[in-house]
Amino acid sequence: MLKWEGPLLFLEESMKPSLTRDEQAALLVQRGLSVDDQNACTTFLAANNYYRFSGYARYFQQAPHLGDDSFALGTDFDQIRMIYEADEALRVALVQPLARVELLLRAHTAYVVADVHGPRGRYLEEDFYTDVGNGERTVESCLRDIERSKERHILRFKTTNGGSPDFSGLPIWSAVEAWSFGTLSKCIERGAQGTLDDAVAASLGVAKAGFAYRVRSLVYLRNRCAHHSRLWHHSVIDAGPTPNNVRAKAKKLAGQFEPRSVLDVIASLDDMLVRSGTADPILPKLVEQHPRDSAFWEGLVRPQSPRDHQV
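Residues numbered from 1 in each chain as written. Predicted model: local features only at pLDDT ≥ 70, side-chain atom pairs only at ≥ 80, totals over all residues. Heavy atoms only, no water.

Draft legend 1. View of the packing of aromatic side chains. For the structure on display, the rule yields 10 aromatic pairs. Relative to F53, the ring of F44 has its centre 5.7 Å away and its plane inclined at 75°; by these criteria the two rings are edge-to-face. The ring of F257 is capped by K251, whose NZ or CZ atom sits 5.4 Å from the centre of that ring. (Phe/Tyr/Trp six-rings, centres within 6.5 Å; stacked < 30°, edge-to-face > 60°. Lys NZ or Arg CZ within 6 Å of the ring centre and 35° of its normal.)

Draft legend 2. Spatial organisation of the nonpolar core. Among the nonpolar cores identified, the biggest contains 83 residues, and L94, L105, Y123, W179 and F211 are the most heavily contacted of them. Not counting residues up to four positions away in its chain, the partners in contact with L94 are L221, C225, L231, I266, L269 and I282. (Core = buried A, V, L, I, M, F, W, Y, C linked by side-chain atoms within 4.5 Å. Buried < 20%, exposed > 50% of the residue type's maximum accessible area, 1.4 Å probe, protein only. Contact = heavy atoms within 4.5 Å.)

Draft legend 3. Examining the environment of Y123 more closely. Tracing the backbone through its elements, the reader meets Y123 in the loop between α5 (77-117) and α6 (138-148). Taking relative accessible area as the criterion, Y123 reaches 0% and is therefore assigned buried. Expressed as a C-alpha distance, the spacing of Y123 and G194, which sit 71 residues apart in the sequence, is 13 Å. In this structure, Y123 is in contact with V113, F128, Y129, L170, P171, I172, A175 and W179, ignoring residues within four places of it in sequence. Here L170 takes part through its backbone oxygen, which lies 2.8 Å from a polar atom of the side chain of Y123. (Helix = DSSP H or I, 4+ residues; strand = E, 2+ residues; numbered from the N terminus. Polar contact = N/O pair within 3.5 Å; in protein donor to acceptor, adjacent residues only side chain to side chain.)

Draft legend 4. Layout of helix α4 (residues 50-57). Most of α4 is tucked away, with 6 of its 8 residues classed as buried. Taken as a whole, α4 has its buried residues at Y50, F53, S54, G55, Y56 and A57. Lining the buried residues of α4 we find α2 (21-30), α3 (38-48), β1 (61-63), β2 (68-71) and α5. With a side-chain oxygen positioned 3.0 Å from the backbone nitrogen of Y51, the residue opening α4 is N49.

Draft legend 5. Seen up close, the packing of helix α11 (residues 211-226) against helix α13 (residues 262-276). The contact between α11 and α13 brings their axes to 10 Å, and the two run at 115°. Classified by the angle their axes make, α11 and α13 are roughly perpendicular. As for the relative orientation of α11 and α13, their crossing is left-handed in sense. Packed against α11, whose contacting residues are F211, R214, S217, L218 and L221, the element α13 presents V262, V265, I266, S268, L269, D271 and M272 at the interface. (Axes fitted to C-alpha atoms, helices over the stretch in contact; angles between N-to-C directions. Parallel < 35°, antiparallel > 145°, perpendicular 65-115°, else oblique. Left-handed = near helix turned anticlockwise from the far one by under 90°.)

Draft legend 6. Region of interest: the state of the cysteines. According to the stated counting rule, one finds 0 disulfides in the structure shown. We note that C142 lacks a disulfide partner, and the nearest cysteine sulfur, in C187, lies 3.2 Å from it. (Disulfide = S-S within 2.5 Å.)

Draft legend 7. Geometry of the packing of α5 against α13. For the pair α5 and α13, interaxial distance at closest approach is 10 Å and the crossing angle is 50°. Viewed along their axes, α5 and α13 adopt a mutual orientation that is oblique. Where α5 crosses over α13, the two elements pack in a sense that is left-handed. Residues L90, L94, P97, L98, R100, V101 and L104 of α5 pack against I266, L269, M272, L273 and S276 of α13. Looking at side-chain class alone, the contact of α5 with α13 contains 10 nonpolar, 1 polar and 1 charged residues. (Nonpolar A, V, L, I, M, F, W, Y, C, P; charged D, E, K, R; others polar.)

Take a look at the structure:
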(Lines give C-alpha, C1' and ligand atoms only; values in the text may rest on other atoms or scores of the structure.)
Protein backbone atom coordinates (compact mmCIF):
# COMPACT_ATOMS: atom_id res chain seq x y z
CA MET A 1 0.00 0.00 0.00
CA LEU A 2 1.38 3.42 -0.93
CA LYS A 3 1.93 5.77 1.98
CA TRP A 4 3.58 8.65 0.16
CA GLU A 5 2.52 12.16 1.02
CA GLY A 6 3.34 15.67 -0.20
CA PRO A 7 5.61 16.06 -3.27
CA LEU A 8 6.12 12.30 -3.68
CA LEU A 9 2.39 11.74 -3.98
CA PHE A 10 2.16 14.45 -6.64
CA LEU A 11 5.06 12.81 -8.49
CA GLU A 12 3.26 9.47 -8.42
CA GLU A 13 0.12 11.18 -9.79
CA SER A 14 2.05 12.80 -12.65
CA MET A 15 3.56 9.43 -13.67
CA LYS A 16 0.25 7.62 -14.09
CA PRO A 17 -0.26 6.29 -17.64
CA SER A 18 -3.05 7.56 -19.87
CA LEU A 19 -5.94 5.09 -20.10
CA THR A 20 -8.66 4.61 -22.68
CA ARG A 21 -12.20 5.02 -21.37
CA ASP A 22 -12.76 1.28 -21.48
CA GLU A 23 -9.60 0.88 -19.41
CA GLN A 24 -10.81 3.55 -16.99
CA ALA A 25 -14.09 1.69 -16.49
CA ALA A 26 -12.20 -1.59 -16.09
CA LEU A 27 -9.97 0.03 -13.47
CA LEU A 28 -13.02 1.07 -11.45
CA VAL A 29 -14.28 -2.52 -11.55
CA GLN A 30 -10.83 -3.81 -10.60
CA ARG A 31 -10.95 -1.55 -7.53
CA GLY A 32 -14.25 -3.08 -6.43
CA LEU A 33 -16.87 -0.78 -7.94
CA SER A 34 -19.96 -2.62 -9.17
CA VAL A 35 -20.74 -1.57 -12.76
CA ASP A 36 -23.85 -3.16 -14.27
CA ASP A 37 -23.57 -1.47 -17.67
CA GLN A 38 -20.00 -0.82 -18.79
CA ASN A 39 -21.12 0.98 -21.96
CA ALA A 40 -23.15 3.44 -19.87
CA CYS A 41 -20.13 3.90 -17.60
CA THR A 42 -17.72 4.65 -20.46
CA THR A 43 -20.25 7.02 -22.05
CA PHE A 44 -20.54 8.88 -18.73
CA LEU A 45 -16.76 9.12 -18.35
CA ALA A 46 -16.44 10.41 -21.92
CA ALA A 47 -18.90 13.21 -21.17
CA ASN A 48 -17.72 14.12 -17.68
CA ASN A 49 -14.00 13.24 -17.32
CA TYR A 50 -12.68 10.39 -15.18
CA TYR A 51 -10.74 12.82 -12.96
CA ARG A 52 -13.87 14.85 -12.13
CA PHE A 53 -15.79 11.65 -11.33
CA SER A 54 -12.97 10.50 -9.06
CA GLY A 55 -13.54 13.58 -6.89
CA TYR A 56 -16.86 12.02 -5.89
CA ALA A 57 -15.69 8.41 -5.99
CA ARG A 58 -12.93 8.92 -3.42
CA TYR A 59 -15.60 9.29 -0.71
CA PHE A 60 -16.50 5.64 -1.35
CA GLN A 61 -12.91 4.41 -1.39
CA GLN A 62 -10.96 3.12 1.59
CA ALA A 63 -8.04 5.57 1.79
CA PRO A 64 -7.09 7.08 -1.58
CA HIS A 65 -4.77 9.63 0.07
CA LEU A 66 -2.71 6.65 1.29
CA GLY A 67 -2.84 4.84 -2.03
CA ASP A 68 -5.70 2.47 -1.17
CA ASP A 69 -8.21 3.11 -3.97
CA SER A 70 -10.36 0.05 -3.30
CA PHE A 71 -14.09 0.73 -2.98
CA ALA A 72 -16.14 -0.06 0.09
CA LEU A 73 -18.01 -3.34 -0.27
CA GLY A 74 -21.32 -2.92 -2.10
CA THR A 75 -20.53 0.42 -3.78
CA ASP A 76 -21.96 0.67 -7.28
CA PHE A 77 -21.44 3.10 -10.13
CA ASP A 78 -25.07 4.31 -10.22
CA GLN A 79 -24.87 5.26 -6.53
CA ILE A 80 -21.98 7.66 -7.20
CA ARG A 81 -23.46 8.90 -10.46
CA MET A 82 -26.70 9.88 -8.68
CA ILE A 83 -24.71 12.06 -6.26
CA TYR A 84 -22.73 13.53 -9.16
CA GLU A 85 -25.94 14.41 -11.00
CA ALA A 86 -27.60 15.83 -7.87
CA ASP A 87 -24.56 18.07 -7.38
CA GLU A 88 -24.75 19.17 -11.01
CA ALA A 89 -28.46 19.96 -10.63
CA LEU A 90 -27.72 22.05 -7.53
CA ARG A 91 -25.13 24.12 -9.40
CA VAL A 92 -27.60 24.71 -12.23
CA ALA A 93 -30.35 25.66 -9.77
CA LEU A 94 -28.05 28.22 -8.11
CA VAL A 95 -26.99 30.01 -11.29
CA GLN A 96 -30.11 32.16 -11.73
CA PRO A 97 -30.55 33.17 -8.05
CA LEU A 98 -26.87 34.09 -7.82
CA ALA A 99 -27.22 36.14 -11.01
CA ARG A 100 -30.24 37.94 -9.53
CA VAL A 101 -28.33 38.87 -6.39
CA GLU A 102 -25.31 39.96 -8.43
CA LEU A 103 -27.48 42.31 -10.49
CA LEU A 104 -29.13 43.55 -7.31
CA LEU A 105 -25.74 44.36 -5.78
CA ARG A 106 -24.62 46.18 -8.92
CA ALA A 107 -27.77 48.32 -8.89
CA HIS A 108 -27.65 49.22 -5.19
CA THR A 109 -23.90 49.88 -5.23
CA ALA A 110 -24.28 52.27 -8.16
CA TYR A 111 -27.22 54.00 -6.48
CA VAL A 112 -25.43 54.48 -3.15
CA VAL A 113 -22.18 55.71 -4.72
CA ALA A 114 -23.97 58.17 -7.01
CA ASP A 115 -26.25 59.43 -4.24
CA VAL A 116 -23.59 59.90 -1.57
CA HIS A 117 -20.34 60.49 -3.48
CA GLY A 118 -21.45 61.67 -6.90
CA PRO A 119 -21.86 59.65 -10.08
CA ARG A 120 -18.45 60.39 -11.65
CA GLY A 121 -14.80 60.61 -10.77
CA ARG A 122 -14.70 60.00 -7.04
CA TYR A 123 -15.14 56.20 -7.21
CA LEU A 124 -12.06 56.03 -9.48
CA GLU A 125 -9.78 57.82 -7.03
CA GLU A 126 -7.38 55.64 -5.09
CA ASP A 127 -8.20 57.14 -1.70
CA PHE A 128 -11.87 56.24 -2.15
CA TYR A 129 -10.84 52.72 -1.10
CA THR A 130 -9.16 51.24 1.94
CA ASP A 131 -6.68 48.67 0.64
CA VAL A 132 -4.75 46.19 2.75
CA GLY A 133 -1.50 44.47 1.83
CA ASN A 134 0.53 44.60 -1.36
CA GLY A 135 -2.01 43.14 -3.77
CA GLU A 136 -3.63 44.92 -6.68
CA ARG A 137 -5.20 48.21 -5.62
CA THR A 138 -8.99 48.22 -5.81
CA VAL A 139 -9.05 51.17 -8.20
CA GLU A 140 -6.66 49.26 -10.47
CA SER A 141 -9.09 46.32 -10.51
CA CYS A 142 -11.92 48.70 -11.39
CA LEU A 143 -9.99 50.33 -14.22
CA ARG A 144 -8.71 47.00 -15.57
CA ASP A 145 -12.25 45.68 -15.93
CA ILE A 146 -13.46 48.95 -17.46
CA GLU A 147 -10.61 49.05 -19.98
CA ARG A 148 -11.37 45.48 -21.07
CA SER A 149 -14.95 46.33 -21.94
CA LYS A 150 -15.96 46.77 -25.57
CA GLU A 151 -19.46 47.97 -24.72
CA ARG A 152 -20.53 51.25 -26.26
CA HIS A 153 -21.91 52.54 -22.98
CA ILE A 154 -18.32 52.34 -21.68
CA LEU A 155 -16.36 53.42 -24.76
CA ARG A 156 -18.41 56.57 -25.31
CA PHE A 157 -16.98 58.00 -22.09
CA LYS A 158 -13.37 57.06 -22.83
CA THR A 159 -10.98 59.97 -23.34
CA THR A 160 -7.22 60.35 -23.09
CA ASN A 161 -5.15 62.23 -20.56
CA GLY A 162 -1.45 62.48 -21.31
CA GLY A 163 -1.75 59.54 -23.66
CA SER A 164 -3.41 57.31 -21.04
CA PRO A 165 -7.07 56.22 -21.03
CA ASP A 166 -9.25 58.49 -18.91
CA PHE A 167 -12.62 57.31 -17.60
CA SER A 168 -13.23 60.12 -15.12
CA GLY A 169 -16.43 61.00 -16.97
CA LEU A 170 -17.81 57.45 -16.78
CA PRO A 171 -20.87 57.30 -14.50
CA ILE A 172 -20.88 54.68 -11.79
CA TRP A 173 -24.04 53.01 -13.12
CA SER A 174 -22.14 52.18 -16.32
CA ALA A 175 -18.95 51.20 -14.52
CA VAL A 176 -20.61 48.58 -12.31
CA GLU A 177 -21.79 46.76 -15.43
CA ALA A 178 -18.18 46.35 -16.59
CA TRP A 179 -16.83 45.08 -13.27
CA SER A 180 -16.50 41.40 -12.55
CA PHE A 181 -18.44 40.12 -9.56
CA GLY A 182 -15.13 39.83 -7.71
CA THR A 183 -14.23 43.47 -8.39
CA LEU A 184 -17.71 44.57 -7.33
CA SER A 185 -17.21 42.64 -4.09
CA LYS A 186 -13.91 44.43 -3.45
CA CYS A 187 -15.56 47.80 -4.03
CA ILE A 188 -18.37 47.02 -1.61
CA GLU A 189 -15.89 45.86 1.04
CA ARG A 190 -13.32 48.67 0.67
CA GLY A 191 -15.22 51.57 -0.89
CA ALA A 192 -15.60 55.00 0.71
CA GLN A 193 -12.78 53.99 3.07
CA GLY A 194 -14.67 51.02 4.45
CA THR A 195 -18.16 52.49 4.80
CA LEU A 196 -19.68 51.48 1.49
CA ASP A 197 -20.61 47.98 2.67
CA ASP A 198 -22.85 49.34 5.44
CA ALA A 199 -24.51 51.75 3.02
CA VAL A 200 -25.23 49.06 0.42
CA ALA A 201 -26.55 46.69 3.10
CA ALA A 202 -28.87 49.43 4.39
CA SER A 203 -30.07 50.12 0.85
CA LEU A 204 -30.86 46.41 0.42
CA GLY A 205 -32.52 46.18 3.83
CA VAL A 206 -30.25 43.42 5.15
CA ALA A 207 -28.02 43.23 8.23
CA LYS A 208 -24.92 45.42 8.08
CA ALA A 209 -22.72 43.20 10.25
CA GLY A 210 -20.41 41.11 8.10
CA PHE A 211 -22.20 42.13 4.89
CA ALA A 212 -19.04 42.49 2.78
CA TYR A 213 -17.94 38.98 3.74
CA ARG A 214 -21.37 37.60 2.88
CA VAL A 215 -20.99 39.12 -0.58
CA ARG A 216 -17.54 37.55 -0.87
CA SER A 217 -19.00 34.12 -0.08
CA LEU A 218 -21.58 34.60 -2.85
CA VAL A 219 -18.79 35.42 -5.31
CA TYR A 220 -16.99 32.27 -4.21
CA LEU A 221 -20.12 30.12 -4.65
CA ARG A 222 -20.91 31.69 -8.01
CA ASN A 223 -17.37 30.97 -9.26
CA ARG A 224 -17.59 27.33 -8.20
CA CYS A 225 -20.90 26.97 -10.04
CA ALA A 226 -19.53 28.74 -13.13
CA HIS A 227 -16.54 26.38 -13.26
CA HIS A 228 -18.66 23.25 -12.58
CA SER A 229 -16.77 22.60 -9.34
CA ARG A 230 -17.98 20.13 -6.74
CA LEU A 231 -20.29 21.49 -4.01
CA TRP A 232 -20.90 18.14 -2.31
CA HIS A 233 -18.47 17.65 0.60
CA HIS A 234 -16.97 21.07 -0.07
CA SER A 235 -16.01 23.38 2.78
CA VAL A 236 -16.42 27.01 1.67
CA ILE A 237 -13.15 28.92 2.01
CA ASP A 238 -14.65 32.42 1.87
CA ALA A 239 -17.53 31.67 4.22
CA GLY A 240 -19.41 34.84 5.14
CA PRO A 241 -20.79 35.38 8.65
CA THR A 242 -24.44 34.51 8.00
CA PRO A 243 -26.55 36.44 10.57
CA ASN A 244 -27.65 34.30 13.51
CA ASN A 245 -31.35 34.90 12.89
CA VAL A 246 -30.97 33.91 9.23
CA ARG A 247 -29.02 30.78 10.16
CA ALA A 248 -31.51 29.82 12.90
CA LYS A 249 -34.45 30.15 10.50
CA ALA A 250 -32.68 28.01 7.91
CA LYS A 251 -31.87 25.31 10.48
CA LYS A 252 -35.52 25.08 11.51
CA LEU A 253 -36.24 24.14 7.93
CA ALA A 254 -33.19 22.10 6.97
CA GLY A 255 -31.80 20.80 10.26
CA GLN A 256 -28.25 21.32 11.48
CA PHE A 257 -25.48 22.33 9.08
CA GLU A 258 -21.94 23.55 9.56
CA PRO A 259 -20.92 27.22 9.21
CA ARG A 260 -18.64 26.53 6.23
CA SER A 261 -21.13 24.31 4.43
CA VAL A 262 -22.67 25.26 1.11
CA LEU A 263 -26.06 25.36 2.86
CA ASP A 264 -24.87 28.22 5.06
CA VAL A 265 -24.08 30.32 1.99
CA ILE A 266 -27.42 29.33 0.43
CA ALA A 267 -29.19 30.51 3.62
CA SER A 268 -27.45 33.87 3.23
CA LEU A 269 -28.38 33.98 -0.46
CA ASP A 270 -32.02 33.20 0.35
CA ASP A 271 -32.11 36.03 2.88
CA MET A 272 -31.06 38.58 0.24
CA LEU A 273 -33.45 37.16 -2.35
CA VAL A 274 -36.47 37.22 -0.05
CA ARG A 275 -35.80 40.64 1.47
CA SER A 276 -35.37 42.18 -1.98
CA GLY A 277 -38.43 40.40 -3.33
CA THR A 278 -36.52 39.31 -6.43
CA ALA A 279 -36.84 35.51 -6.25
CA ASP A 280 -38.10 32.60 -4.20
CA PRO A 281 -35.70 30.96 -1.71
CA ILE A 282 -33.66 27.91 -2.73
CA LEU A 283 -33.45 26.02 0.56
CA PRO A 284 -37.10 24.86 0.79
CA LYS A 285 -36.80 23.23 -2.64
CA LEU A 286 -33.61 21.43 -1.62
CA VAL A 287 -35.26 20.11 1.54
CA GLU A 288 -38.13 18.70 -0.56
CA GLN A 289 -35.78 17.08 -3.07
CA HIS A 290 -33.27 15.38 -0.77
CA PRO A 291 -33.95 13.24 2.34
CA ARG A 292 -31.88 14.27 5.34
CA ASP A 293 -30.47 10.77 5.68
CA SER A 294 -29.22 10.62 2.08
CA ALA A 295 -25.51 10.59 1.27
CA PHE A 296 -25.91 13.70 -0.87
CA TRP A 297 -27.54 15.72 1.92
CA GLU A 298 -24.94 14.56 4.43
CA GLY A 299 -22.20 15.84 2.13
CA LEU A 300 -23.85 19.25 1.96
CA VAL A 301 -24.48 19.80 5.66
CA ARG A 302 -21.25 18.26 7.04
CA PRO A 303 -18.52 18.59 4.41
CA GLN A 304 -15.47 16.45 5.04
CA SER A 305 -12.09 15.86 3.46
CA PRO A 306 -11.69 12.39 1.92
CA ARG A 307 -8.91 11.90 4.49
CA ASP A 308 -11.46 12.24 7.31
CA HIS A 309 -14.35 10.45 5.64
CA GLN A 310 -14.77 6.88 6.84
CA VAL A 311 -16.31 4.21 4.58
